[in-house]
Amino acid sequence: MPGLLRGVARTAVVAGTATAVSNRVSRRQAGRWAEQDAVQAERYAPAPAQAPAPAPAAPGDDMNSKIAQLKELGQLKEQGVLTEEEFAAQKSRILAL
């Protein structure tokens, strides 16, 4: 009887170890596939459209035009069309006019 229990216990340990190793390999492989999918999605994602540059200000209503352009830039930034760097560059260009 002790030999039978030892055999059953050994089988349980071997089966448990095999299951744990198999699960670990599956998780690691799934992680690698997810990483590859993320890299491919980033590589083949369409490039964001460039926002059109605001029209130059007319000489008569210079201040009102600048304010309107800055408001439009703010809206484009809030919508995610412009990045922070693009927003800053366009803002400095408008204020320099």
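As a reminder, the structure under discussion sits directly above these lines.
Residues numbered from 1 in each chain as written. Predicted model: local features only at pLDDT ≥ 70, side-chain atom pairs only at ≥ 80, totals over all residues. Heavy atoms only, no water.

A.B. asks: What should I look at first to understand the overall build of the protein chain in this one?
C.D. replies: The secondary structure content of the protein chain amounts to three helices and zero strands. Here the protein chain holds 97 residues, and 9% of them are scored as buried. A total of about 8000 Å² of accessible surface is found on the protein chain, and carbon and sulfur atoms cover 60% of it. (Helix = DSSP H or I, 4+ residues; strand = E, 2+ residues; numbered from the N terminus. Buried < 20%, exposed > 50% of the residue type's maximum accessible area, 1.4 Å probe, protein only. Areas by Shrake-Rupley, 256 points an atom, 1.4 Å probe, with all protein chains shown as cover.)

A.B. asks: Even after reading the chapter, I still don't get the nonpolar core, so can you show me in this structure?
C.D. replies: The nonpolar side chains of a soluble globular protein tend to be buried, and buried together. Core analysis: the biggest nonpolar cluster contains five residues, these being Leu73, Leu76, Leu82, Phe87 and Ile94. Elements that contribute at least two residues to this core include exactly helix 2 (62-79) and helix 3 (84-96). If we ignore the near neighbours within four places in the chain, the residues touching Phe87 are Leu73, Gly74, Lys77 and Leu82. (Core = buried A, V, L, I, M, F, W, Y, C linked by side-chain atoms within 4.5 Å. Contact = heavy atoms within 4.5 Å.)

A.B. asks: Can you help me understand the packing of aromatic side chains in this one?
C.D. replies: Any pair of aromatic rings gets described here by the distance separating the centres and the angle formed by the planes. Counting across every chain of the model gives zero aromatic pairs. If you follow Lys77 out to its NZ or CZ, it ends over the ring of Phe87, 5.1 Å from the centre. (Phe/Tyr/Trp six-rings, centres within 6.5 Å; stacked < 30°, edge-to-face > 60°. Lys NZ or Arg CZ within 6 Å of the ring centre and 35° of its normal.)

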